[in-house]
Amino acid sequence: MSKNSFLGPEWLLNTKEAVQLYQEVVLPLRKEHGILDLHTHLSLQQILENQSLVNIWKAEVYDERYGNRDHYLLQLAAKFPPFSYTLAFDPQIPEEVKWSILGKVFPFLEGNHVHQWLHLDLKRIFGIEELLGPDTANKIWNETLKALQKEEFLPLSLLRRINARIICTTDDPCQNLEEHKKAKEIIEDIVFLPTFRPDPYCNIFEANWRENVERICALTGEDVTLKGLVEALRKRHTYFAEMGARASDHGLLEPWGFDVSTARAEEIFTRAYEKREKFPVRSSEVRDFVSYMMHRFCEMNAEYGMTTQIHFGALRDTNTYLYRNWGKDMGGDGTLDDVRVMENLLPLLNKFFSGENSKSYLVLYTMNQNLLPVLIALSRTFPNVQIGFPWWFNDAPSFIEEHLIKVAHASCLSFSGGPVADSRKILSEGSRFEVFDRMICRVLGKLLSEGQISKQGAQLIIKAILYDTQKRVFNLHEYFPTEQP
């Protein structure tokens, strides 16, 4: 097999230095320390039930049982009839037929990382070398159908095969985390940690915000007031911390962090809750309320040494047809082109992440890679601010390469955020991390081949990105007791 063949042994590794780093540094590191995936949407219920993934359609595209879906794939495949969202979500159409129709259009996705990921899954997990197409779809369906009934293809077996070590789920503050308790009791070799995701209680522009506030206040016995809401969230945050949570996660249109008075926040809360005013998503009321709440969350995180993660710039559900027919998070999200990062965040950064008595870290993920220079400036100025790894639309190889080179030259790559899959399907965990790992080696191999870094430096940076810095920023030392902090 040619080294340049599709997904061949050296794919993405375009220098001998990159190949060497991958084989001699990354693979041994992954074997020893495993995968640390600190931002996922995997279903812990699915993992604990540990039942068959049923068929390749459910495993790769859409499984209504657990909310698993690959909206990357759906967005692209829907461009080519006869595939469509209606086809994908129609329960009356057999899934074998859906897969066959996907096979007819999938060759047109060549060049996109969705095409690479799915074929990596087929190649690495099932040993299938054929490309998905109109002539191979049925064969691939039958081969994978037979394999998925075997024990080695159950969810836990698949995670163990890729040596998953720590997986952080994404959880609503009202969740009881019973599945996390059960996982601690019965799964010894993989650590599952909850992540505190309080967006539903801050998004006063959403129709169900009032209902969410009532729900969490009722759960915690608090009055439905701003003070009650904050106290309710504080109680749940404490519970999450006790259950091992290492981070909160916040999906913000803009990374708002202004210093807002309690009186101003109470006024907005009253108008939103009692008067039922509907505020536009970019209104001053939304900006101020979210800013006020972000300060409260950072206070909570500082108390427990938890990391604050903010991903911003995603304009949700822009395609009203998709939203109206199939609800949220079905592939209708876009990238906001006008985000004011620096001035929005400075009050929050100076209060919590300046380096003076800082007790926790902030990780910033941007949907718009044009804002990377701003994140680089912030990471240089504030020692506890970390630039998140490229994610969502930005985790294609070319975007990752550009991101890592810019961070290496203008900031500190060894303090860069490590890869996160942001995935909803178990089958692709290993494939996504393989792409991430190969791209890290590609970039460092290039710098090494040009004499811009030393071999020792390349090795140090790889270990830092994949492991050491993750362990420090997310306070994971207890899971590696034989090593020094």
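Residues numbered from 1 in each chain as written. Predicted model: local features only at pLDDT ≥ 70, side-chain atom pairs only at ≥ 80, totals over all residues. Heavy atoms only, no water.

As recorded in an unreviewed UniProt entry, the chain goes by the name Uronate isomerase, listed as coming from Thermatribacter velox. What the UniProt record of the chain gives under Pathway (unreviewed entry) is the line "Carbohydrate metabolism; pentose and glucuronate interconversion." Recorded under Catalytic activity (unreviewed entry), the UniProt text for the chain is reproduced unchanged: "D-glucuronate = D-fructuronate". (UniProt positions renumbered as here; feature names shortened; annotations may be inferred.)

**Overview of the packing of helix α11 (residues 209-220) against helix α12 (residues 226-242)**
Angle between the axes and distance between the axes are the two parameters that describe a pair of packed helices. One way to put it is that α11 packs onto α12 with a least axis distance of 9 Å and a crossing angle of 65°. Crossing of α11 over α12 shows left-handed handedness. Each of V213, I216, C217, L219 and T220 in α11 lies in contact with α12, whose residues at this interface are G228, L229, A232, L233, K235 and R236. Looking at the contact of α11 with α12 residue by residue, the classes come out as seven nonpolar, two polar and two charged. (Axes fitted to C-alpha atoms, helices over the stretch in contact; angles between N-to-C directions. Helix = DSSP H or I, 4+ residues; strand = E, 2+ residues; numbered from the N terminus. Left-handed = near helix turned anticlockwise from the far one by under 90°. Contact = heavy atoms within 4.5 Å. Nonpolar A, V, L, I, M, F, W, Y, C, P; charged D, E, K, R; others polar.)

**A few points about the pairing of strand β7 (residues 307-312)**
Most of β7 sits out of view: six of its six residues are buried. Note: strand β6 (residues 247-252) against β7, six bridges, orientation parallel. Of the residues in β7, the one forming a bridge with G251 is H311. Two elements, β7 and strand β10 (residues 362-366), share five bridges in a ladder whose sense is parallel. Bridge pairing links H311 to Y365 in β10. (Buried < 20%, exposed > 50% of the residue type's maximum accessible area, 1.4 Å probe, protein only. Pairing = 2+ DSSP bridges.)

**A closer look at α12**
Helix length check: α12, at 17 residues, gives a terminal C-alpha distance of 24 Å against a target of 24 Å (1.5 Å per residue), a fit within 8%. For α12, every residue scored as buried is listed here: L226, G228, L229, V230, A232, L233, R236, H237, Y239, F240 and A241. (Expected span 1.5 Å × (residues − 1).)

**Some words on the packing of aromatic side chains**
Evaluated as defined, the whole model comprises 22 aromatic pairs. Taking 5.5 Å as the distance between ring centres and 35° as the angle between the ring planes, the aromatic pair formed by W392 and F393 counts as tilted. On the basis of relative accessibility, which here comes to 5%, the residue W392 falls in the buried class. Among the aromatic residues, those joined into a ring-pair cluster are Y62, Y85, F89, Y321 and W326. Here the guanidinium or amino end of R210 rests over the ring plane of Y273, the centre of that ring lying 4.1 Å away. Sitting above the plane of the F258 ring, R287 keeps its charged end 5.7 Å from the centroid. (Phe/Tyr/Trp six-rings, centres within 6.5 Å; stacked < 30°, edge-to-face > 60°. Lys NZ or Arg CZ within 6 Å of the ring centre and 35° of its normal.)

**Some thoughts on the sheet that holds strand β5 (residues 191-193)**
On the basis of which strands lie adjacent, the open sheet formed by three strands has the order β1-β4-β5 and parallel pairing. A strand with exactly one partner marks an edge of an open sheet, and here the two such strands are β1 (35-37) and β5. Geometrically, the sheet is characterised by an average inter-axis angle of 5° between neighbouring strands, direction not taken into account. Pairing analysis gives three bridges linking β1 to strand β4 (residues 164-168), with the strands arranged parallel. In the sheet register, L36 faces β4, and the bridge partner there is I166. In the packing of helix α1 (residues 16-33) onto the sheet, contacts are made with β1 and β4, and the angle to β1 comes to roughly 75°.

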